[in-house]
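Residue-level structure breakdown
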There are 4 protein chains.
Amino acid sequence: MTLDFQAILDAIHKDAIIKKNKGIVASYIPELANISDQNFGIHLRTSDNKEYASGDYSVPFSIQSVSKVLALAKAISISNQSIWKRVDVEPSGNPFNELSLLELENGIPRNPLINAGAIVIADILISNLENPKKDFLKFVRTLANDDSISYNKQVALSEKVTGFKNYAAANLLKSFGNLHNDVEDVLDFYFHQCSIEMNCSQLSKAFFLFANKGKCMLNKTHITESQAKRINAIMLTCGFYDEAGEFAFEVGLPGKSGVGGGIVALLPDHFVITTWSPGLNKKGNSLLGMQALERFTTKTKLSIF
Amino acid sequence: MTLDFQAILDAIHKDAIIKKNKGIVASYIPELANISDQNFGIHLRTSDNKEYASGDYSVPFSIQSVSKVLALAKAISISNQSIWKRVDVEPSGNPFNELSLLELENGIPRNPLINAGAIVIADILISNLENPKKDFLKFVRTLANDDSISYNKQVALSEKVTGFKNYAAANLLKSFGNLHNDVEDVLDFYFHQCSIEMNCSQLSKAFFLFANKGKCMLNKTHITESQAKRINAIMLTCGFYDEAGEFAFEVGLPGKSGVGGGIVALLPDHFVITTWSPGLNKKGNSLLGMQALERFTTKTKLSIF
Amino acid sequence: MTLDFQAILDAIHKDAIIKKNKGIVASYIPELANISDQNFGIHLRTSDNKEYASGDYSVPFSIQSVSKVLALAKAISISNQSIWKRVDVEPSGNPFNELSLLELENGIPRNPLINAGAIVIADILISNLENPKKDFLKFVRTLANDDSISYNKQVALSEKVTGFKNYAAANLLKSFGNLHNDVEDVLDFYFHQCSIEMNCSQLSKAFFLFANKGKCMLNKTHITESQAKRINAIMLTCGFYDEAGEFAFEVGLPGKSGVGGGIVALLPDHFVITTWSPGLNKKGNSLLGMQALERFTTKTKLSIF
Amino acid sequence: MTLDFQAILDAIHKDAIIKKNKGIVASYIPELANISDQNFGIHLRTSDNKEYASGDYSVPFSIQSVSKVLALAKAISISNQSIWKRVDVEPSGNPFNELSLLELENGIPRNPLINAGAIVIADILISNLENPKKDFLKFVRTLANDDSISYNKQVALSEKVTGFKNYAAANLLKSFGNLHNDVEDVLDFYFHQCSIEMNCSQLSKAFFLFANKGKCMLNKTHITESQAKRINAIMLTCGFYDEAGEFAFEVGLPGKSGVGGGIVALLPDHFVITTWSPGLNKKGNSLLGMQALERFTTKTKLSIF
């Protein structure tokens, strides 16, 4: 490859920061509302361990739903078979009726990357980890090879105080027998998981195993090659709420977004790329992040399709 | 009228107790599961203050959802106008998607007699009553002119421990801003309200105001004539889950059923009739109670249609 | 009764015609769009055969969905039992998803007064009548004792050319095996049925049997007393699309509206009342008609509740 | 690559034909019902123009929904931008409510590979092609470099006579203004399109352009590289009804199935693979075809993830 990745990232960064429409920063908790929409970071880590970055790539932010992929990886590494009796792998289609689908389908969430599915994964982790919050954080730190990564307890608390829809989902799961632990315990773990703060660089590292057949950047095997492929498949079909099809169509990479404005995407055997821009589009995905990734794959012609 | 009500009730009672298919007694909490399906009571109170009864009409049972009509009456008597911004008056049609409809319609329950709607009514009562549980019980006792009526605290507790779907509904309402008090406080009230124990005779008395232009059996006005009519309209269109149309079609009276096996129905200016038989049909309404009321209106030709 | 019905109707008429907001006249076919929203008629026929009327009560209009009740009565008079295997009697709740419900419930329409249900009733009539269109018209003429009543063939044709949603419903019914005749034949009958033109006076006569235990104004029995009651129950719970609860709540009478601006309502053993005002509210029911009937039952205190 | 493709295909074939559970052959039209479930063909065409095959790979079958991808390609080649205002690119999630979603989303089909979406694509082709059926067939013949490919008029006729659900969808689209031509004309084209008969070998050729940046096997450019990628993205997220996630998860290739038992899948820049086995699983996809492809990608480790 003779692509000048640094020049491409710089050009994307340069264009992004002058865009007038930067989307709307999530405001349902103060910790997110206070983040400036002027932030824009992008970070690329290639399979030959080179790194390229531009902008605010080293500023930590709340990874939120991006954490769902890491939790899924941990759960799969522990009890792969038992998961798929409790969560499906199909796209959810439409967000307006997340609880509706759960009702219609007897408490089996459509996939592990929507909230209801991630809550079931959290339940599985609680059942299987000795010290759930501590052990999960350790897993993330190991993947990213960085012990400075932590929960933001204030964010977790704010989510708890305002997270009525997640309480509704957890109780509905419980009513269908698809939550084995206490609602409070599961959501406490879930809100902590989502509160993890990382920067673009750390996320590119932490997701390296998905582009590397299950081996993290220190070459340790955490999940099998087959499991890594399947998680990539789930990211592609389910990683962007009801914009998953759009992201596959426009960008063509497995990835996952979070309401904190982060997006991680990857091309197996080639690279992991992370963007951060807090302003969201109407579907809840980072507006400039989506545009940056679309531009990156268009320029480089690097996509799974 | 030259109808021999006593003979009619006796005949209905006699036929009911020999029916082989008595339906299925609710079993989600031990207090309900332990009730024998052999119980059958029927009680009629006419507008000229005569009473007729047969069978187990003086055995107290858990009134459950029948309480929703009494709670609605209390709420209407306090703050009629504010209610209808928060709850609609349309039939819900279908039970499979109670939470779905709530999601689709932005947290406005279809009517005050489905669980979500009754939870909003409970919220309104908590906001407006000084001592919600005490005051509501006093209201019911006054209506029935009977101070022996009480909550069954064990039933309330059991509902609390297993009521995950109600927790889901309450949290979903909260997420839409349609619950002003704490979820726990509202559900504590709601579970107590449903746990009230009354017998057929007491229920016929307590519902007398709906057949009597808003005046209770002691002739005290609790709601206006217009309010009584509207509550009757809501009972007719929404009182039997997704069997409301069937009940209107077969029986033709405003009424309300509960999972404890009770049904109260009434013909304005004529009578209130209460049945109790714990076995339920597939839609969750008392099997023999439905049959008894259908037979009563067929025999007497007394219905609103 | 010492009510001065004529004075009440005159007052309602007087107030109605000066209302600024007269609703929106249906415009999907030219024949309806061309009707002036200034028309307002009201007609009352009591059980003792007295008539009271005001305004444009003798101007014919397209009865549209009001015809569904007459078709249902004819079908019930022919083959009562077979109907209820193919159509339910529950309110549909919500109009946004008429076809959705049909899909979910395997081709069994919620009730005979929504389009899908009325199409099944039309199918039943075609299967059972020798000359369906001729025989049905004769039935309506007999009920109203008026041979001048006719189909408006131009309206029927316009409906046919634009009625894609009805074609969708009929084909969906057919795909579930709940349409026995050809889609074209059934819809041809259905569009003719809806195209019947009548005035308020004729409608009050034609619906007299529902207020008179199944006997028409000439005292001939067309349906049994029990069947009349059940049709009334269906009108009350299902007669006004997703405003059925509202109509029961505000007016408290069984009734049926049509997109041509007509509404017929009745109090068993007391009266039939018909209003006509072409402007519709957001739910598709006559705006001034609804208000007129609400006012009528409030003033006279005559309702089923 | 030192993979012995021929040996792999032979092994897959050998195992497939001895499987006891071969799924259920579609039976809604006689032409499909009469196909033996003993057929099994598999054909691989690599980017370096080599071919490998086993079993009944040269027996023609009804390609049915596989044709939707070819129709989409033709439509994109003609009027790319106008398509996406009329069809979305999101997975549909759930098949039970295909018409429901269409209703909820105001006549915009979720994607071009569900029936409603394919009907809109057919409408676009009719509006843009001079001789729609002739021109489309020519396009398919050109892609496969094979003039022997034809419609099966008997199959098209059978679909027409029984395709009530497609008539329902087309009429619903028309009611929303999202069908510009006559329902009959559009469905006539659509049923013909689905009736095309091809064998595995021909399909591998016809789909070659999607694995080859838009150029067919004769190196002629029909669509741009970017368009080819996007069609692949749509196949991956939407190509297998509500089993799209499962196929991505288990197989990891863009692909499309048809009710005739065919599946075409591809790895960009590497190969196109086609299987045919008429027995379907519960979701309507070829049972043995799905298994064969899962085995193929597991053995070769060739997938997009």
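- The name an unreviewed UniProt entry assigns to chain A is Glutaminase, from the organism Jejuia spongiicola.
- Looking at chain A in UniProt, the text filed under Sequence similarities (unreviewed entry) is "Belongs to the glutaminase family."
- UniProt, in the comment section headed Subunit (unreviewed entry), describes chain A in these words: "Homotetramer."

Observations regarding the environment of Thr2(B)
All names here are of chain B.
- Position of Thr2 among the secondary structure elements: in the segment before helix H1 (5-18).
- Judged by its relative accessible area of 82%, Thr2 is exposed.
- Measuring from C-alpha to C-alpha, the distance between Thr2 and Thr237 comes to 31 Å, with 235 residues separating the pair along the chain.

Side note on the relation of the copies chain A and chain D
- When chain A is brought onto chain D, the operation consists of a screw motion whose angular component is 180 degrees and whose axial shift is 0.0 Å, with 0.0 Å RMSD remaining. As the rotation angle and translation indicate, the two copies are arranged about a two-fold axis.
- Here 100% of the contact residues of chain A are again contact residues in chain D; the copies associate through an equivalent surface.

A few points about the UniProt feature "binding site: substrate" (unreviewed entry) in chain A
Residue and element names in this part refer to chain A.
- The residues that UniProt annotates with the feature "binding site: substrate" (unreviewed entry) are Ser65, Asn115, Glu159, Asn166, Tyr190, Tyr241 and Val259.
- Along the chain, Ser65 turns up in the loop between strand S4 (61-62) and helix H3 (67-83).
- In this structure Ser65 comes out as buried when scored by relative accessible area, which is 8%.
- With residues up to four places along the chain from it excluded, the contact list for Ser65 reads Tyr241, Lys256, Ser257 and Gly258.
- Note that Tyr190 resides in helix H9 (residues 183-195).
- When residues no more than four places from it in sequence are discounted, the contact partners of Tyr190 are Lys68, Asn115, Ala118, Ile119, Ala122 and Asn166.
- Within the structure, the side chain of Tyr190 is placed 3.4 Å from the side chain of Asn115, a separation counted as a polar contact.

Considering the pairing of strand S8 (residues 271-276) of chain B
All names here are of chain B.
- Of all six residues in S8, six are buried; the element is thus mostly enclosed.
- A two-sided burial pattern is seen for S8, the buried positions comprising Phe271, Ile273 and Thr275 on one face and Val272, Thr274 and Trp276 on the other.
- Here strand S2 (residues 41-46) runs beside S8; their pairing, made up of six bridges, is antiparallel. Of the residues in S8, the one forming a bridge with Arg45 is Val272.
- The turn linking strand S7 (residues 262-267) back onto S8 is made up of three residues, and Asp269 within it adopts a positive phi angle of 70 degrees.

Focus on the packing of aromatic side chains
- On inspection of all chains with the given rule, the structure shows 44 aromatic pairs over all chains.
- Members of the aromatic cluster, each reached through a chain of ring pairs, are Phe5(A), Tyr52(A), Phe271(A) and Phe296(A).
- Directly above the ring of Tyr241(D) sits Lys256(D), whose terminal nitrogen or CZ lies 4.6 Å from the centroid.

Points about the relation of the copies chain B and chain A
- Each copy superposes on the other: chain B lies on chain A with an RMSD of 0.0 Å after a rotation of 180 degrees and an axial shift of 0.0 Å.
- Of the interface residues in chain B, 100% have counterparts in chain A that sit at the interface too, so the contact is made through matching surfaces.

Structural notes on the packing of helix H1 (residues 5-17) of chain D against helix H14 (residues 287-300) of chain D
All names here are of chain D.
- The N-to-C vectors of H1 and H14 enclose an angle of 145 degrees; their axes lie 10 Å apart at closest approach. When you trace H1 past H14, the crossing you get is right-handed. Across the interface between the two elements, Phe5, Ile8, Leu9, Ala11, Ile12, Asp15 and Ala16 of H1 pack against Leu288, Ala292, Arg295, Phe296, Lys299 and Thr300 of H14.

What about the pairing of S2(B)?
Residue and element names in this part refer to chain B.
- The element S2 is largely enclosed, with a buried count of six among its six residues.
- Alternating positions in S2 separate into two faces, Gly41, His43 and Arg45 on one and Ile42, Leu44 and Thr46 on the other, with burial throughout.
- Bridge count for S2 against strand S3 (residues 51-55) is five bridges, and the pairing is antiparallel. Note on S3: the bridge partner recorded for Ile42 is Ser54.
- Connecting the antiparallel pair S2 and S3 is a turn made up of four residues, with Asn49 showing a positive phi of about 65 degrees.

Overview of the sheet that holds strand S8 (residues 271-276) of chain C
All names here are of chain C.
- Ordered by their spatial adjacency, five strands build an open sheet running S3-S2-S8-S7-S6, and the pairing between neighbours is antiparallel. With partners counted over all chains shown, the strands left at the sheet margins are strand S3 (51-55) and strand S6 (255-257), one partner each. Across the sheet, the axes of successive neighbouring strands diverge by a mean angle of 5 degrees, strand direction being ignored.
- Inspection of the sheet shows strand S7 (residues 262-267) paired to S8 by six bridges, in the antiparallel sense. If you follow Leu266 over to S8, its bridge partner there is Val272.
- The sheet contacts of helix H1 (residues 5-17) involve strand S2 (41-46), S3 and S8, and relative to S3 the element is tilted by about 20 degrees.
- Packing against the sheet, helix H14 (residues 287-300) makes contact with S2, S7 and S8, and its axis sits at approximately 145 degrees to S8.

Some thoughts on the sheet that holds strand S8 (residues 271-276) of chain D
Residue and element names in this part refer to chain D.
- Strand order in the open sheet made by the five strands is S3-S2-S8-S7-S6, with antiparallel pairing throughout. The open sheet terminates on both sides in strands that have one partner only, identified here as strand S3 (51-55) and strand S6 (255-257). The average undirected angle you get between the axes of adjacent strands in this sheet is 5 degrees.

Structural notes on the interface of chain B and chain A
- Counting residues at the interface gives 15 residues for chain B and 15 residues for chain A.
- The junction of chain B with chain A conceals about 1400 Å² of combined surface from both sides, 65% of it contributed by carbon and sulfur atoms.
- Taken together, the connections running from chain B to chain A amount to zero salt bridges.
- Summed over the shared surface of chain B and chain A, the result is zero residue pairs in polar contact (both at pLDDT 80 or more).
- Here the side of chain B that touches chain A takes eight residues from helix H8 (residues 164-175) of chain B, the largest share from any one element.
- Classifying every residue of the side of chain B that touches chain A gives seven nonpolar, four polar and four charged.

Some details on the interface of chain A and chain D
- Listed per partner, the contact involves 34 residues of chain A and 34 residues of chain D.
- Between chain A and chain D, roughly 2900 Å² of surface is buried when both sides are summed, and carbon and sulfur atoms account for 59% of that area.
- Our count for the chain A to chain D interface comes out at six salt bridges.
- Seen at the junction of chain A and chain D, the total is 14 residue pairs in polar contact (both at pLDDT 80 or more).
- Going through the elements one at a time, helix H4 (98-104), helix H12 (225-238) and helix H13 (244-250) of chain A are the ones with two or more residues in the side of chain A that touches chain D.
- The greatest single-element share of the side of chain A that touches chain D, amounting to eight residues, is contributed by H12(A).
- Among the residues forming the side of chain A that touches chain D, the class breakdown is 16 nonpolar, six polar and twelve charged.

Parameters and conventions
Note that residues are indexed from 1 along each chain, following the sequence as it is written. Following the order in which they are written, the chains are lettered starting with A and the ligands numbered starting with 1. Predicted model: local features are reported for residues with pLDDT of at least 70 only, side-chain atom pairs are reported and counted for 80 or more only, and whole-chain, interface and lining totals are derived from all residues. Computation of side-chain values covers all heavy atoms of the structure but excludes hydrogens and water. UniProt positions are given in the numbering used here, feature names are shortened, and annotations may be inferred rather than shown by experiment. We count a stretch as a helix when DSSP gives it H or I for four or more residues in a row; a strand needs E for two or more, and each element gets its number in order from the N terminus. The buried label applies to any residue whose accessible area, calculated with a 1.4 Å probe on protein chains only, is under 20% of its type's maximum; exposed applies above 50%, and partly exposed to all values in between. Alignment of copies: least-squares fit on C-alpha atoms of residues with pLDDT of at least 70 in both copies. The contact rule is simple, with two residues in contact once any of their heavy atoms fall within 4.5 Å. N or O atoms within 3.5 Å of each other form a polar contact, as long as, within protein, one can give a hydrogen and the other can take it, and as long as residues adjacent in sequence are counted only when both atoms are side-chain atoms. Paired strands, in this sense, are two strands between which DSSP finds at least two bridges. Here the aromatic set is Phe, Tyr and Trp, taking the six-membered ring for Trp, and pairing holds for ring centres within 6.5 Å; pairs whose planes are under 30 degrees apart are stacked, those over 60 apart are edge-to-face, and all others are tilted. Counted as over-ring charges are cases with an Arg CZ or a Lys NZ within 6 Å of the ring centre that also lie within 35 degrees of the ring normal. To obtain each axis, a line is fitted to C-alpha atoms, and for helices this fit is confined to the stretch in contact; angles are then taken between N-to-C directions over 0 to 180 degrees. In this scheme the crossing of two helices becomes right-handed for a clockwise turn of the near helix relative to the far one and left-handed for an anticlockwise turn of less than a right angle. Each of two parts loses accessible area, computed with a 1.4 Å probe, when they are put together; buried area is these two losses added. We define a salt bridge as a contact between a side-chain nitrogen of Lys or Arg and a carboxyl oxygen of Asp or Glu at a distance within 4 Å. Classification used: nonpolar for Ala, Val, Leu, Ile, Met, Phe, Trp, Tyr, Cys and Pro, charged for Asp, Glu, Lys and Arg, polar for all others including Gly.

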